[in-house]
Amino acid sequence: TLRGLHQLAHYWRHKIDVRVIGITGSVGKTTTKEVVTEVLNQRFRTLKNPGNLNNEIGLPLTLLRLKQNHERAVLEMGFYVPGEIALLCDLASPQVGVVTNIGTVHAERAGTQDVIAMGKAELVQSLPDEGVAILNYDDKRVREMADQTRARKFFYGLNPEADLWADGVEGLGLEGIRFRLHYRSEVLHLRVPLIGRHSVHTSLRAAAVGLIEGLTWQEIFNGLRSDRAQLRLVAVRAKNGALILDDTYNASPESTLAALNLLDELEGRKVGVLGDMLELGQYEWRGHEMVGVRAA
């Protein structure tokens, strides 16, 4: 049945003339998918995976939702073992690939960060000559993926060596973030509603896709300013007036540190309620220790 689903999805995807943007990485895939979709929706009719249906069942089911009037598809691609993303790329044939970062999520199954990096690199390896690999310059393992693709490379990050980079990042608590965006000779000041300073990388990824797809700065900014893309970290007001930051979504050391950093920006008495971080394999001790030090 799974092979049949894949054959149907492969057939249907190639019946539709659509540009596919594939997104992978250890942390930030789902939020990046949402923000990229908001940006592309400013001009194109865009399909995305619902929720985080990003595996060998969810992705083909998403492809089967393609209609003739779709112009772009933004597809999150999950990873557990090497070969999985290559399979998803065979089904989806992405022209643009975005890699967020290489962390320790799913290390229990994959083994090491190097093995995780090899698996994620299958996305950029699958891109055609005329495709574009959008890579995180700040992550050494992602930056080195440039050597594994025939496609054009486009780097983003907080380093001036990147094609698109940011500085002056300022956390505004629950009001979002503010930063300066640099592209070629242009310098633009931007404020977005995404919560947490780490969200600057999400904004850069979405802006990079917008630039690659030919959108204007105004269209890109309109998409980034949408408040519909904040998925992972949600602020909820309790009946007694307390503010709850709900980040209970498949925690990793990287996401937990980001949540603690946001908590640090806020005023008043603060309480952190932390649960287990699972599937870290050999990084379990180090990851929990790192979070403990930051919490202290």
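These numbers come from a predicted model, not from an experiment.

Let's talk about a nonpolar patch on the surface
On the surface, Leu2, Leu8, Ile57, Leu61 and Leu64 cluster together into a nonpolar patch covering about 410 Å² of accessible area. Within the fold, Leu61 resides in helix H3 (residues 58-63).

Description of the environment of Asp247
Tracing the backbone through its elements, the reader meets Asp247 in the loop between strand S11 (243-246) and helix H10 (253-265). The class of Asp247 is buried, set by a relative accessible area of 14%. Between the C-alpha atoms of Asp247 and Glu84, which are 163 residues apart in sequence, the distance is 27 Å.

Description of the packing of aromatic side chains
All told, the structure shown has four aromatic pairs when counted by the stated rule. Judged by centre distance (5.5 Å) and plane angle (90°), the rings of Tyr137 and Phe155 are edge-to-face. Of this pair, Tyr137 sits in the loop between strand S5 (132-136) and helix H7 (140-143) while Phe155 is found in strand S6 (residues 152-157), placing the two residues 18 residues apart along the sequence. Note on Trp217 and Phe221: the rings are 5.6 Å apart at their centroids and 35° apart in plane angle, and the pair reads as tilted. In this pair, Trp217 and Phe221 both sit in helix H9 (residues 217-224), four residues apart, roughly one turn of the helix. An identical accessibility class is assigned to Trp217 and Phe221; each is buried. Every member of this aromatic cluster is reached through a ring pair, and the members are Phe154, Tyr183, Trp217 and Phe221.

Description of the pattern of salt bridges
In this structure the tally under the stated criterion is 14 salt bridges. Note that Lys33 and Glu34 form a salt bridge whose closest N and O atoms lie 3.2 Å from each other. Across this residue pair, the class does not change: Lys33 and Glu34 are buried. Asp264 is the partner of Arg294 in a salt bridge, and the nearest nitrogen-oxygen pair spans 3.9 Å. Pair noted here: Arg294 is in helix H11 (residues 284-295) and Asp264 is in helix H10, with a separation of 30 residues, a long-range link. Through salt bridges with shared partners, one network takes in Lys33, Glu34, Lys48 and Glu76.

Parameters and conventions
Residues numbered from 1 in each chain as written. Predicted model: local features only at pLDDT ≥ 70, side-chain atom pairs only at ≥ 80, totals over all residues. Heavy atoms only, no water. Patch = residues over 30% accessible without salt bridge, like charges linked within 9 Å, V, L, I, M, F, W, Y side chains within 5 Å. Areas by Shrake-Rupley, 256 points an atom, 1.4 Å probe, with all protein chains shown as cover. Salt bridge = Lys/Arg side-chain N within 4 Å of Asp/Glu carboxyl O. Helix = DSSP H or I, 4+ residues; strand = E, 2+ residues; numbered from the N terminus. Buried < 20%, exposed > 50% of the residue type's maximum accessible area, 1.4 Å probe, protein only. Phe/Tyr/Trp six-rings, centres within 6.5 Å; stacked < 30°, edge-to-face > 60°.

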